[in-house]
Amino acid sequence: MLREPLRSTRPRTVLVFGGGGMRGFCHIGIVRAIERLGLIVDEVVGTSMGAVMGGLYASGRDSHEMEEAAGEISLKDYFRLNLLKFLVKGYRHASVYKGRTFRGLLQKWLPERAFAELPRPFFCNALSLTTGASRFFGMPGADTVPVADAVYASACLPTIFEPAEIEGDHYIDGGMTETLALRIARARQAELVIAVDLSHRNLQQPTPYRASLPHIVFQTYEVMGLALNEHNLHRYVDDRTVVIKPKVSHLGLLDMPDVNEVVRLGEREAIEVLTTHPLTRYLCDPQAVAEEDRMVQRPRDHVVLDVDMNACIHCGICAATCATHGYAAVPLGSVVRKLHNYECTRDMACERNCPTDAIRLRNL
């Protein structure tokens, strides 16, 4: 039986779950990996679907109970068109789908009336439509709101669900400005941050254009999220942060996935990263680490920078973009400063912004 180490022997750990629609089910796999490895999480932060999963975890539910809750979410039951209101109000209506049933599900699984009732401290962010400011529910001054209401506000995608009305203000999805709320973890003075970023995208596989409103809206959200995450990771990832990026680019934001498959995907990625990253490897159950060592071929704490010099035009954009000085702005020759960039924030900004498609990131 694993026992929690003495408080002085381990860092105070904050787990940060990023937004990503239905991709957020892989957060359950992250929790399962943490349980398997015997890691201790002190506080939880979540945005959008990350707030839903983070709230469940902070309420004391284990990964199996979280998976049970995820199994209750179906597109048929919880994403019903507001057809009647559209016929009556047209574009004056606030959302495409009804949020009432989704909110009811959150109230069932998160009945706590205040954040102080949760067994583990929990925080989530939402965006005020009236002030344009982010509100961090769970922080002092915003901790008496019912947890389910705060989570609904954090997960309330604009045009998809009706904005959440809380204390006279109206809120939408916190991911509109901050899809991975590392700022809260910084404010909480975390000694170790485990951040789960769902913005992974295979940049070599363009998404085919479809002339439909949902496709355009969801693609806009996704691309906007990539750009926001780039700046967020550059600003807040430091030597106390472990970033996990599950391979979820094949899943649509509101495509109902196979929950079990997505959970396994998150668990696999988390185990590989947490058992090889120097910040977490020695906090894990030694037996679990030994089992992983037989399968992991190389360290997962660095990214390989690969530049096709035949395509490179030495524009310097990679050097200006990279937050960890992996590249140099040079007129001729190699632009790679560090072949193995151990500090890489894994936001893929250099590859995404290269004008000649010369850069490939490997070992992500």
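Residues numbered from 1 in each chain as written. Predicted model: local features only at pLDDT ≥ 70, side-chain atom pairs only at ≥ 80, totals over all residues. Heavy atoms only, no water.

Topic: the packing of aromatic side chains
Inclusion rule: Between rings of Phe, Tyr and Trp, where Trp is taken as its six-membered ring, a pair exists when centres lie within 6.5 Å; planes separated by under 30 degrees are stacked, by over 60 edge-to-face, and by other angles tilted. Helix numbers and strand numbers start at the N terminus; a helix is a DSSP run of H or I with at least 4 residues, a strand a run of E with at least 2. The buried label applies to any residue whose accessible area, calculated with a 1.4 Å probe on protein chains only, is under 20% of its type's maximum; exposed applies above 50%, and partly exposed to all values in between.
According to the stated counting rule, one finds 5 aromatic pairs in the structure shown. Pairing Phe-102 with Tyr-152 gives two aromatic rings, centres 6.2 Å apart and planes at 50°, and the pair type is tilted. Residue Phe-102 is found in helix α6 (residues 100–109), and its partner Tyr-152 is found in helix α7 (residues 147–154); the two are separated by 50 residues along the sequence. Since its relative accessible area comes to 5%, Phe-102 is described here as buried. On the accessibility criterion, Tyr-152 (2% relative accessible area) is buried. Pairwise contacts between aromatic rings join Phe-102, Tyr-152 and Phe-161 into one cluster.

With respect to the side chain of Glu-43
Rule in force here: Contacts were defined at the residue level, with two residues in contact if any of their heavy atoms lie within 4.5 Å.
By secondary structure assignment, the location of Glu-43 is in strand β2 (residues 43–46). A relative accessible area of 6% means that Glu-43 is categorised as buried. Apart from the residues lying within four places of it in its own chain, the contact partners of Glu-43 are Arg-12, Thr-13, Val-14, Leu-15, Arg-120, Pro-121, Phe-123 and Arg-188.

Concerning helix α11 (residues 286–293)
The condition that has to hold: Within this analysis, the arc is defined by the directions that extend from the helix axis to the C-beta atoms.
Of the positions making up α11, those classed as buried are Ala-288, Val-289 and Glu-292. Buried residues along α11 cover an arc of 100° about the axis, so they all sit on one side. Along α11, exposed side chains directed more than 90 degrees from the buried face belong to Pro-286 and Gln-287. If you follow the buried residues of α11, they end up packed against α1 (26–37) and α10 (259–276).

Overview of the environment of Ser-334
Defined as follows: Whenever two N or O atoms come within 3.5 Å, that pair is a polar contact, provided that in protein one can donate a hydrogen and the other can accept it, and provided that, for residues adjacent in sequence, both atoms are side-chain atoms.
Relative to the elements of secondary structure, Ser-334 occurs in the loop between α12 (317–321) and β10 (340–341). Distance in space between the C-alpha atoms of Ser-334 and Val-307 is 8.2 Å, their sequence separation being 27 residues. One polar contact links the side chain of Ser-334 to the main-chain amide nitrogen of Val-336, over a distance of 3.2 Å.

Focus on the pairing of strand β1 (residues 13–17)
The condition is simple: The criterion for strand pairing is that DSSP finds at least two bridges linking the strands in question. A crossover counts as right-handed when, viewed with the strands pointing away from the observer, the path leading from the first strand over the helix to the second turns clockwise.
By the criterion of burial, β1 is predominantly enclosed, with 5 of the 5 residues buried. Side chains Thr-13, Leu-15 and Phe-17 project from β1 onto one buried face, and the interleaved Val-14 and Val-16 project onto a second face that is buried too. When β1 meets β2, the two strands line up parallel, connected through 4 bridges. Of the residues in β2, the one forming a bridge with Val-14 is Glu-43. Regarding topology, α1 serves as the crossover connection from β1 to the parallel β2, and that connection is right-handed.

Focus on unusual backbone geometry
One non-glycine residue, Ser-48, adopts positive backbone phi at about 55°. Position of Ser-48 relative to the elements: it lies in the loop between β2 and α2 (49–58). Look at Ser-48 and you get buried, because its relative accessible area is 9%. Within the chain, Asp-357 stands out as a residue other than glycine whose phi angle is a positive 60°. Inspection of the secondary structure assignment puts Asp-357 in the loop between α13 (349–353) and β11 (359–362).

Quick look at the sheet that holds strand β9 (residues 303–307)
With respect to topology, 3 strands assemble into an open sheet ordered β10-β9-β11, the strand pairing being antiparallel. Strand pairing shows two members of the sheet lacking a second neighbour, β10 and β11, which therefore form its edges. Note: β9 against β11, 4 bridges, orientation antiparallel. Looking at the pairing, Leu-305 lines up with Leu-361 of β11.

Quick word on the packing of α1 against α2
To keep it simple, the criterion reads: Helix axes use the C-alpha atoms of the stretch in contact, all axes being lines fitted to C-alpha atoms, and the angles between their N-to-C directions lie in the range 0 to 180 degrees. Whether a crossing is left-handed or right-handed is set by the direction in which the near helix is turned from the far one by less than a right angle, anticlockwise for left-handed and clockwise for right-handed. Classification used: nonpolar for Ala, Val, Leu, Ile, Met, Phe, Trp, Tyr, Cys and Pro, charged for Asp, Glu, Lys and Arg, polar for all others including Gly.
Where α1 contacts α2, the two axes come as close as 10 Å, and the packing angle between them is 35°. Note on packing geometry: the crossing formed by α1 with α2 is right-handed. Contacts between α1 and α2 involve His-27, Ile-28, Val-31 and Ile-34 from the former and Gly-50, Met-53 and Tyr-57 from the latter. In terms of residue class, the contact of α1 with α2 is built from 5 nonpolar, 2 polar and no charged.

Details of the pattern of salt bridges
Inclusion rule: We define a salt bridge as a side-chain nitrogen of Lys or Arg found within 4 Å of a carboxyl oxygen belonging to Asp or Glu.
Taken as a whole and assessed by the stated rule, the structure comprises 19 salt bridges. Here Arg-36 and Glu-291 are joined by a salt bridge, their closest N and O atoms 3.7 Å apart. Here the residue Arg-36 occupies a position in helix α1, and Glu-291 occupies one in helix α11, the gap between them amounting to 255 residues. For Arg-36, a relative accessible area of 37% corresponds to the partly exposed category. Glu-291 gets classed as partly exposed once you look at its relative accessible area, which sits at 29%. With a closest N to O distance of 2.5 Å, Lys-245 and Asp-197 form a salt bridge. In this pair, Lys-245 sits in the loop between β8 (241–244) and α10 while Asp-197 sits in the loop between β7 (192–196) and α9 (213–236), placing the two residues 48 residues apart along the sequence. Classification of Asp-197 by relative accessible area gives buried; the value is 2%.

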